[in-house]
Amino acid sequence: MVARADDTLEPPVPVRTVPPKYPSELKHDKIAGVVTVKCTIDEKGNVTETTVTKTTNEAFSNPATEALSKWKFKPAKRGGVAVSIKISIPIQFSVSD
């Protein structure tokens, strides 16, 4: 199959992001971390099927997936048509003084 110019994939673009709730015990101890979440962005730009694939601290996992489920995206498009796509998103937890 020959790829045509109009078959190019436009990636999803976040239009609303919600910060994760920082676990209080980790914030108090100034523990930072990253959670990588694999998820599906559907044709409407909603986040579905979240799965944590990597985390620096298990206590960050639930807050990361809960926050990500509230995000909204401009959906990915292929040939101008909205499509569902699986992506991985890193969620940062950092404490600033």
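Check the entry above for the structure.
Just so it is clear, the model here is predicted, and its values are computed rather than measured.

As enumerated under the stated definition, the model contains 4 aromatic pairs in all. On the basis of an interplanar angle of 90° and a centroid distance of 5.7 Å, the ring pair of Tyr-22 and Phe-60 is categorised as edge-to-face. Of the two residues, Tyr-22 is situated in the loop between β2 (13-16) and α1 (24-28) and Phe-60 in the loop between β4 (47-55) and α2 (61-68); the sequence distance between them amounts to 38 residues. For Tyr-22, a relative accessible area of 13% puts it in the buried group. Phe-60 gets classed as buried once you look at its relative accessible area, which sits at 0%. Where Phe-60 meets Phe-93, the ring centres are 4.1 Å apart and the plane angle is 25°; that geometry is what we call stacked. Of this pair, Phe-60 sits in the loop between β4 and α2 while Phe-93 sits in strand β8 (residues 85-93), and the two are 33 residues apart along the sequence. Through successive ring pairs, a cluster of aromatic residues spans Tyr-22, Phe-60 and Phe-93.

Turning our eyes to something else, we now look at the sheet that holds β4. In space, the 3 strands of this open sheet follow the order β4-β3-β8, with antiparallel pairing throughout. With partners counted over all chains shown, the strands left at the sheet margins are β4 and β8, one partner each. Averaged over neighbouring strand pairs, the angle between their axes works out to 25° when direction is ignored. Sheet topology note: the strand β3 (residues 33-41)/β4 ladder contains 6 bridges and is antiparallel. In the sheet register, Ile-41 faces β4, and the bridge partner there is Val-47.

Another aspect to go through is the pairing of β3. Counted residue by residue, β3 has 7 buried out of 9 residues, so it is predominantly covered. Pairing geometry for β3 and β8, over 9 bridges, is antiparallel. For Val-35, the partnering residue across the bridge sits in β8 and is Ile-91. The hairpin turn running from β3 into β4, its antiparallel successor, is 5 residues long, and Gly-45 in that turn takes a positive phi close to 90°.

Mapped onto the elements of the fold, Val-47 is located in strand β4. Along the backbone, Val-47 and Glu-66 are 19 residues apart, and their C-alpha atoms lie at a distance of 10 Å. In contact with Val-47, not counting residues within four places along its chain, are Cys-39, Thr-40, Ile-41, Leu-68, Ser-69, Trp-71 and Phe-73.

Thresholds, definitions, all that
Residues numbered from 1 in each chain as written. Predicted model: local features only at pLDDT ≥ 70, side-chain atom pairs only at ≥ 80, totals over all residues. Heavy atoms only, no water. Phe/Tyr/Trp six-rings, centres within 6.5 Å; stacked < 30°, edge-to-face > 60°. Helix = DSSP H or I, 4+ residues; strand = E, 2+ residues; numbered from the N terminus. Buried < 20%, exposed > 50% of the residue type's maximum accessible area, 1.4 Å probe, protein only. Pairing = 2+ DSSP bridges. Axes fitted to C-alpha atoms, helices over the stretch in contact; angles between N-to-C directions. Contact = heavy atoms within 4.5 Å.

What is shown is where atoms sit, not what they do.
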